Amino acid sequence: MRSRPYMYHNTSKKPYSLSLPSYQTMKWGFHEKNKAVSLSYNFFILLACIRLLWLNFHVIPYERYAIDGVLDLSNENMPIDDVITLSGDWSFYPNQLLHQTEDLESSEKRYQPVQGEWDKGNEQASLQYGTYHLRLLINEADMAKPYGIRIPSIRSASQVYLNGKSLGQAGVPAADQSDFISRNVPYYVYFYADTEEIDLFIQVANLPDTGPGSVDQHVTLGHMDVLKREELIALISEITVAIVFLIHSLYAGIIYLLGIRQKELIYFMLLTLHATLMIMASDSKLLYTLFLNVPYDWQVKVTYYIYSAVMLFLLVYFKHLMPDYMNNRLFRLVRLGCLVYLTFIILAPVSTILSVKSLLLFVMLIPSLIITIQLIRITFHGMADSVYIMLGVTAVTSNVVWLVLSPRITPVYVFYPFDFLFAIIIFCIFWFKRYFRNGERTKLLSERLKRANKKKDEFLANTSHELRNPLHGIVSIAEHVLKTEQAVISAKSRHDLELLLTVSRRMELLINDLLDMTQLKENQIRLTQSQSIYQQRSMGLSI
């Protein structure tokens, strides 16, 4: 009667598996979706309230309009804690660089708004230039007080004169191209009002290759203390946001260098680094006033490169962060388009870049729209911690909405830092939550692997025990046959029996090793150090 071969049976009813329970995603129902939308809406309202408080904290200029180059404030007092815009029609003198009132009578002029494109004069000229003039009338009570004027970005060089005295400049406007130096940054000038009539001259010049000359925002006037405070607040706000982004860029790079070689860390570092440069290159343009003293054409190339690189690294970062949702054909096509446009900015001349400057709007808009739609899909699919993604998208959307609405609400743009700060903090919370969640999953998987390894050891021990008994029987029978039947059996049969004994003894040694290994793991065998026979003989020889 044949013995039944030993089979190791799993005593549990369910098959054992190393796979973890799928708790990363779960389909949201109608109630969960409504809850997420309601949370995002309330967060959007909260951000709007914070922004309104921020605007209330800042000084919003009162608009004053000049008529035929004259702004008459003689019948009112200058506001002490507020500023005014010098809007309306200024006198503009094309193809002339003036700074003295004596030269005004004999010069050709026209009236036009100071904000917007200034008259180009001769379309065929290699250098376009002109002078804005505003006569400002103040009352006697406002004399002998310190005032300041904020000059916005003027393409692509400007210089301010007040009553014939130069107060400040960006670049060097000139009638000769060899003397012209382009630089397009906002700046402040300060003065004491010592007369009731103030003649303000703004000389402007521009190369046609860099687009038409223009004044981007309103020129504002106010008391020196008020403007200095506004300048300081804007400076601190922009530097604070830039430092926050830079810190995130640094720690991502440090974590990567410490051994966590994940691609999303590299792309997050590049994204936040370029976001830092983007903040420094916009609004007050601290990148060009503090670090890069470059001409306007290089400002254009650097600024366009930074904005395009931010969108490219944003796409690549989210692709590696969420590969299941960000790896479709449209996503790859948009990423390729951003890369091609980035190469175009690096290689093309400034005139060509500005001739198709609307492409930058598409490069900024299309990736933002695609990422927003995908993140909303991820949220509604119920991915773990996806509520943080939705709140981050809400913060970015709030910033875009207010960026569009701000020209209709305030005459000048006020830098608002909190949307960017909330967005980066929320996305980092999501990232850290995901990191800790992966740590928990790794710990759970490790425990399951330990249990599987223990079951494997138990299986080997049980199998070894079951194999050793029949193997002993085989060895005993083979030895008995060789001993008692050696004269009867043929040489071939004797060779086969010897081979059987050799293989069986090797198997027996292997089974004993398996049993010893299992006992060593369970601390059932203790090894004691003793002197071997070889050591004794070597000692005897040395004596």
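Preceding this section is the structure that the text describes.
First things first, this report covers the structure right here in the doc. (Residues numbered from 1 in each chain as written. Predicted model: local features only at pLDDT ≥ 70, side-chain atom pairs only at ≥ 80, totals over all residues. Heavy atoms only, no water.)

### A closer look at the overall build of the protein
Next up, step 1: Summing up its helical and strand segments, the protein has 12 helices and 14 strands in all.
Next up, step 2: The 543 residues of the protein split such that 42% are buried.
Next up, step 3: Put simply, of all contacts in the protein between residues at least 6 apart along the chain, 78% involve residues at least 24 apart. (Helix = DSSP H or I, 4+ residues; strand = E, 2+ residues; numbered from the N terminus. Buried < 20%, exposed > 50% of the residue type's maximum accessible area, 1.4 Å probe, protein only. Contact = heavy atoms within 4.5 Å.)

### A look at the packing of aromatic side chains
Next up, step 1: Scanning the model with the defined rule gives 13 aromatic pairs in all.
Next up, step 2: Aromatic rings pair up to connect Tyr 251, Phe 268, Tyr 317 and Phe 318 into one cluster.
Next up, step 3: A cation over an aromatic ring shows up here: Arg 261 above the ring of Tyr 256, its NZ or CZ 5.0 Å from the ring centre. (Phe/Tyr/Trp six-rings, centres within 6.5 Å; stacked < 30°, edge-to-face > 60°. Lys NZ or Arg CZ within 6 Å of the ring centre and 35° of its normal.)

### Regarding empty space enclosed by the protein
Next up, step 1: Considering all chains together, one arrives at two cavities of 30 Å³ or more under this definition.
Next up, step 2: Along the walls of the second largest cavity sit Met 78, Leu 136, Ile 138, Tyr 147, Phe 191, Ile 198 and Leu 221, which together make up its complete lining.
Next up, step 3: A per-class count over the lining of the second largest cavity returns seven nonpolar, no polar and no charged. (1 Å grid on protein atoms, 1.4 Å probe; cavity = no way out; pocket = protein on both sides within 12 Å on 5 of 7 lines; lining within 4 Å. Points joined across faces, edges and corners; volume = space filled by probe spheres on them. Nonpolar A, V, L, I, M, F, W, Y, C, P; charged D, E, K, R; others polar.)

### As for the sheet that holds strand β13 (residues 214–215)
Next up, step 1: Spatially, three strands are ordered β5-β13-β8 in an open sheet, and the strand pairing comes out antiparallel. A strand with exactly one partner marks an edge of an open sheet, and here the two such strands are β5 (116–117) and β8 (154–155).
Next up, step 2: In this structure, β8 lies alongside β13, joined through two bridges in antiparallel fashion. Bridge pairing in β13 links Ile 154 to Val 215. (Pairing = 2+ DSSP bridges.)

### Overview of the pairing of strand β9 (residues 157–162)
Next up, step 1: With six of six residues buried, β9 is to be regarded as a mostly interior element.
Next up, step 2: Side chains Ala 157, Gln 159 and Tyr 161 project from β9 onto one buried face, and the interleaved Ser 158, Val 160 and Leu 162 project onto a second face that is buried too.
Next up, step 3: Alignment of β9 against strand β12 (residues 197–206), held across six bridges, turns out to be antiparallel. If you follow Ala 157 over to β12, its bridge partner there is Ala 205.
Next up, step 4: As defined by bridge partners, β9 adjoins strand β10 (residues 165–170) across five bridges and the pair is classed as antiparallel. If you follow Leu 162 over to β10, its bridge partner there is Lys 165.
Next up, step 5: Here β9 hands over to β10 after two residues, with Asn 163 in that stretch at a positive phi of 55 degrees.

### Considering the packing of helix α10 (residues 418–484) against helix α11 (residues 491–521)
Next up, step 1: Contact geometry of α10 with α11 gives a least axis separation of 8 Å together with a crossing angle of 150 degrees. Considering the angle they form, α10 stands roughly antiparallel to α11. The interaxial crossing formed by α10 with α11 has left-handed handedness. (Axes fitted to C-alpha atoms, helices over the stretch in contact; angles between N-to-C directions. Parallel < 35°, antiparallel > 145°, perpendicular 65-115°, else oblique. Left-handed = near helix turned anticlockwise from the far one by under 90°.)

### Re unusual backbone geometry
Next up, step 1: Look at the link from Arg 155 to Ser 156: it is a cis peptide, with omega at -5 degrees.
Next up, step 2: In this structure, Asp 283 takes a positive phi of about 55 degrees despite not being glycine.
Next up, step 3: Within the element layout of this structure, Asp 283 appears in the loop between α3 (263–281) and α4 (286–291).
Next up, step 4: Its relative accessible area of 27% is what places Asp 283 among the partly exposed residues.
Next up, step 5: A positive phi angle, near 55 degrees, is found at Lys 285, a position not held by glycine.

### Some details on the environment of Thr 379
Next up, step 1: Mapped onto the elements of the fold, Thr 379 is located in helix α8 (residues 358–380).
Next up, step 2: Note on Thr 379: relative accessible area 1%, which makes it buried.
Next up, step 3: Through-space distance from the C-alpha of Thr 379 to that of Met 390 is 6.6 Å; in sequence the pair is 11 residues apart.

### Description of the side chain of Thr 276
Next up, step 1: Structurally, the position occupied by Thr 276 is in helix α3.
Next up, step 2: A polar contact of 3.3 Å, which involves the side chain of Thr 276, links it to the backbone nitrogen of Leu 246.
Next up, step 3: Ignoring sequence-local partners within four residues, the contact set of Thr 276 consists of Ala 242, Phe 245 and Leu 246. (Polar contact = N/O pair within 3.5 Å; in protein donor to acceptor, adjacent residues only side chain to side chain.)

### Regarding the packing of helix α5 (residues 296–321) against helix α6 (residues 329–347)
Next up, step 1: One way to put it is that α5 packs onto α6 with a least axis distance of 9 Å and a crossing angle of 155 degrees. Judged on the interaxial angle alone, α6 and α5 are roughly antiparallel. Helix-helix and strand crossings are classified by hand; for α5 and α6 the assignment is left-handed. Residues Lys 301, Tyr 304, Tyr 305, Ser 308, Ala 309, Leu 312, Leu 315, Val 316 and Lys 319 of α5 lie in contact with α6, whose contacting residues are Phe 331, Val 334, Arg 335, Cys 338, Leu 339, Tyr 341, Leu 342, Ile 345, Ile 346 and Leu 347.

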